[in-house]
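Examination of the molecular architecture
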Amino acid sequence: MGNAEPESRKPEEVLQNPLQCFVRGLFDSCQVLVTVLLLYRNKTVRTNVVNCVILNGCLFLGSLLLYQLAILPLIHIILSYTWDAEQTRVIEGNQLWVIEQLLWMVFNVFWIIPMFLLAKVLNAMYCQQVANHAYADLRGSAETGYRDVKQRDVLGWFGMTMADLIFSTLMQLIMLVEASLFTLMPQIGLPLSFLYNCWISSLYCFEYSWINAGWSLQTRVEYFETHWAFFLGFGLPFTAATFFLPFMVSVATYSLIFPLMVISATSAHPVAHDDASTIAIVLPRRIRLCWPSRPLTHRILMRIMPGETLKVTSRS
């Protein structure tokens, strides 16, 4: 897979400044009509999106809302008005708070955490199906970049695919850790974390179509970093919808919206900006968004799984 070339593309449109690229990314992320039409005509995409809605919207997010809005208030009322034979309240305020925290812990251990883990696995399966069929429908083919390599060398193809997947996943996890560390910085930490999460969300959404096109990891990273303004705009609505929510609610909402954003990413046409523009002097054509996560990932994996496959996958 490291040797797979990207699919042939039409000459790329270049806009005058990063702001135009940002607005184009924002526009492409909100193409609801494209998503609706694909859902209407493609049964497989529609079925998997519905599965995501049921899993994340009804079961995961629904159970959180049910507990917070119905079960917990009911328990609070029952415990608050529990009296003994002498008409003395059995449970006082501090004790009530402790009981509520224990119940919330039990609810998390026996329902939320298992649901979270199950949803992670099922969401990966559903979103992969959505991505493959959306790519075949909107681009006219699926997994074209892998087909020739796979036919020539099945074992080599499998080894490079797994190495690429492990490297890419670990790199994205490190980028998430970086985004979390930004929040520790006083005053500017939260805005920086928000901006970085916009880029990470875009990377997640576009990875599916790039992999289906047969792009190597090096090609994907370079493309991502040279189209940073577009991807910032594309990831903004997605991040704004989830960033400020409580963790579990954010995860459920993120997973609920994600397959729709994958469709938008598949239909999008990223644009770069012109180096000659005045604003580009301050805002360069390429921002190294995957540094230091990429070299750090390489160092970690070289200690765990050294070999030519990893070297090819992570080559700069």
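Report on the accompanying structure. Here the structure is a predicted model, which means the values were calculated and not measured.

1. A few points about the overall build of the protein
Scanning the protein for helices and strands turns up 12 helices and 2 strands. When the elements of the protein are put in sequence order from the N terminus, they spell out β-α-α-α-α-α-α-α-α-α-α-β-α-α. Looking at the protein as a whole, 42% of its 316 residues are labelled buried. Counting contacts in the protein only where the partners sit at least 6 residues apart, residues at least 24 apart contribute 79% of the total.

2. A word on helix 2 (residues 32-41)
In an α-helix, one full turn covers 3.6 residues, which means residues spaced three or four apart are oriented alike. Looking only at helix 2, the buried set comprises Thr 35, Leu 38 and Leu 39. Projection of helix 2 onto a plane perpendicular to its axis shows the buried side chains occupying an angular sector of 100 degrees, all on one side. Away from its buried face, by an angle of more than 90 degrees, helix 2 presents the exposed residues Leu 33 and Tyr 40.

3. A short note on the pattern of salt bridges
What the rule picks out here adds up to 3 salt bridges. With a closest N to O distance of 2.8 Å, Arg 41 and Asp 137 form a salt bridge. Of this pair, Arg 41 sits in helix 2 while Asp 137 sits in helix 4 (residues 93-139); the two residues are 96 residues apart in sequence, bridging distant segments of the chain. A salt bridge links Arg 220 to Glu 207; the shortest N-O distance between them is 2.6 Å. Of the two residues, Arg 220 is situated in helix 8 (residues 217-226) and Glu 207 in helix 7 (residues 189-212); the sequence distance between them amounts to 13 residues.

4. Section: helix 1 (residues 18-29)
Over its 12 residues, helix 1 extends 17 Å from the first C-alpha to the last, a length consistent with the 16 Å expected when each residue adds 1.5 Å. Two or three places before Leu 19, at the start of helix 1, stands the capping residue Asn 17, its side-chain oxygen 3.0 Å from that residue's backbone nitrogen.

5. So, the state of the cysteines
For the coordinates displayed, the defined rule picks out 0 disulfides. Between Cys 127, a free cysteine, and Cys 52, which holds the nearest cysteine sulfur, the sulfur-to-sulfur gap is 4.5 Å.

6. Looking at the nonpolar core
Ranked by size, the top nonpolar core spans 58 residues in total, and within it Phe 60, Phe 206, Phe 224 and Phe 258 carry the most contacts. Listing elements by their share of this core, those giving two or more residues are helix 3 (43-80), helix 4, helix 6 (154-182), helix 7, helix 8, helix 9 (228-240) and helix 10 (247-267). Every residue in contact with Phe 60, bar those within four places of it in the chain, is listed here: Leu 55, Ile 112, Met 115, Phe 116, Ala 119, Met 248, Val 251 and Ala 252.

7. Observations concerning the packing of aromatic side chains
With the rule as written, the count across this model stands at 24 aromatic pairs. A centroid spacing of 5.5 Å and a plane angle of 85 degrees characterise the contact between Phe 230 and Phe 231, whose relative ring orientation is edge-to-face. Exposure class is identical for Phe 230 and Phe 231. Each is buried. Through a chain of ring-to-ring contacts, three or more aromatic side chains come together here, namely Phe 206, Trp 210, Trp 215, Tyr 223, Phe 224, Phe 230, Phe 231 and Phe 234.

8. A closer look at empty space enclosed by the protein
In this structure the tally under the stated criterion is 1 cavity of 30 Å³ or more. By volume, the largest cavity amounts to about 30 Å³. Lining the largest cavity we find Ser 168, Met 171, Gln 172, Leu 203, Glu 207, Leu 217, Arg 220 and Val 221. Contributions of two or more residues to the lining of the largest cavity are made by helix 6, helix 7 and helix 8. When grouped by side-chain class, the residues that make up the lining of the largest cavity number 4 nonpolar, 2 polar and 2 charged.

About the cut-offs
- Residues numbered from 1 in each chain as written.
- Predicted model: local features only at pLDDT ≥ 70, side-chain atom pairs only at ≥ 80, totals over all residues.
- Heavy atoms only, no water.
- Helix = DSSP H or I, 4+ residues; strand = E, 2+ residues; numbered from the N terminus.
- Buried < 20%, exposed > 50% of the residue type's maximum accessible area, 1.4 Å probe, protein only.
- Contact = heavy atoms within 4.5 Å.
- Arc of directions from axis to C-beta.
- Salt bridge = Lys/Arg side-chain N within 4 Å of Asp/Glu carboxyl O.
- Expected span 1.5 Å × (residues − 1).
- Polar contact = N/O pair within 3.5 Å; in protein donor to acceptor, adjacent residues only side chain to side chain.
- Disulfide = S-S within 2.5 Å.
- Core = buried A, V, L, I, M, F, W, Y, C linked by side-chain atoms within 4.5 Å.
- Phe/Tyr/Trp six-rings, centres within 6.5 Å; stacked < 30°, edge-to-face > 60°.
- 1 Å grid on protein atoms, 1.4 Å probe; cavity = no way out; pocket = protein on both sides within 12 Å on 5 of 7 lines; lining within 4 Å.
- Points joined across faces, edges and corners; volume = space filled by probe spheres on them.
- Nonpolar A, V, L, I, M, F, W, Y, C, P; charged D, E, K, R; others polar.

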